[in-house]
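A look at the structure
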Amino acid sequence: MKGLCLALLMLGLPAAGRAEFDQCLLIDQVLNRLGNAMAINRAIIAECSDSSAVAAASRALAQQNDSYRRTKRQRSKAGCDGRGR
């Protein structure tokens, strides 16, 4: 039995506590990625002279804004705002 435990430790398998799913961490990562993409689209809208690129960035930004708002509401419902954790 000791050999099996040692082998598992050497393989680097995560412990049960470390392998738990952290919904709040995942939501924060989604919000960060959306925020980065939104910033890029805002820069394209502000700086680009190509009207088709601006239109595409504007459509993408509108969808990202909706997704960001929905994700923020989900974050609040999940209790990830710091008060419930």
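Coordinates for the structure precede this section.
Nothing here was measured: the structure is a model prediction, and the numbers come from that model.

Observations regarding helix α2 (residues 23-47)
Over its 25 residues, α2 runs 36 Å from end to end, which matches the ideal 36 Å to within 8%, given 1.5 Å per residue. Residues of α2 that are buried: C24, I27, L31, L34, M38 and N41. Each element contacted by the buried residues of α2 is listed here: α3 (51-77). At the N-terminal end of α2, a side-chain oxygen is found 3.3 Å from the backbone nitrogen of C24, two or three residues along, and the residue is D22.

Observations regarding the packing of α2 against α3
Where α2 contacts α3, the axes come no closer than 9 Å and their chain directions differ by 155°. Regarding the angle of α2 to α3, the classification is roughly antiparallel. Our pair here, α2 against α3, has a crossing hand that is left-handed. Across the contact of α2 with α3, the residue classes tally to 14 nonpolar, nine polar and four charged.

Section: α3
Compared with the 39 Å implied by 1.5 Å per residue over 27 residues, the 39 Å span of α3 between its first and last C-alpha is a close match. Next to the buried residues of α3 lie α2. Immediately downstream of α3, the backbone of G79 shows phi near 80°, a positive value.

Quick word on the pattern of salt bridges
The final tally for this structure, using the stated rule, is two salt bridges. A salt bridge links R75 to D28; the nearest nitrogen and oxygen atoms lie 2.7 Å apart. Separated by 47 residues along the polypeptide, R75 in helix α3 and D28 in helix α2 bring together distant segments of the chain. The class of D28 is partly exposed, set by a relative accessible area of 26%. Across the pair D66 and R69 runs a salt bridge, and its minimum N-O distance is 3.9 Å. With D66 and R69 both in helix α3 and three residues apart, this pair spans about one turn of that helix.

Thoughts on the environment of A62
Tracing the sequence through the fold places A62 in helix α3. The partly exposed category is assigned to A62, whose relative accessible area is 41%. Between the C-alpha atom of A62 and that of M38, which follows or precedes it by 24 residues, the distance is 9.0 Å.

Some words on the side chain of T71
The residue T71 is located in helix α3 in this model. With residues near it in sequence (within four places) discarded, T71 still touches I27, V30, L31 and L34.

Rules and cut-offs
Residues numbered from 1 in each chain as written. Predicted model: local features only at pLDDT ≥ 70, side-chain atom pairs only at ≥ 80, totals over all residues. Heavy atoms only, no water. Helix = DSSP H or I, 4+ residues; strand = E, 2+ residues; numbered from the N terminus. Expected span 1.5 Å × (residues − 1). Buried < 20%, exposed > 50% of the residue type's maximum accessible area, 1.4 Å probe, protein only. Contact = heavy atoms within 4.5 Å. Polar contact = N/O pair within 3.5 Å; in protein donor to acceptor, adjacent residues only side chain to side chain. Axes fitted to C-alpha atoms, helices over the stretch in contact; angles between N-to-C directions. Parallel < 35°, antiparallel > 145°, perpendicular 65-115°, else oblique. Left-handed = near helix turned anticlockwise from the far one by under 90°. Nonpolar A, V, L, I, M, F, W, Y, C, P; charged D, E, K, R; others polar. Salt bridge = Lys/Arg side-chain N within 4 Å of Asp/Glu carboxyl O.

By themselves these figures say nothing about function.
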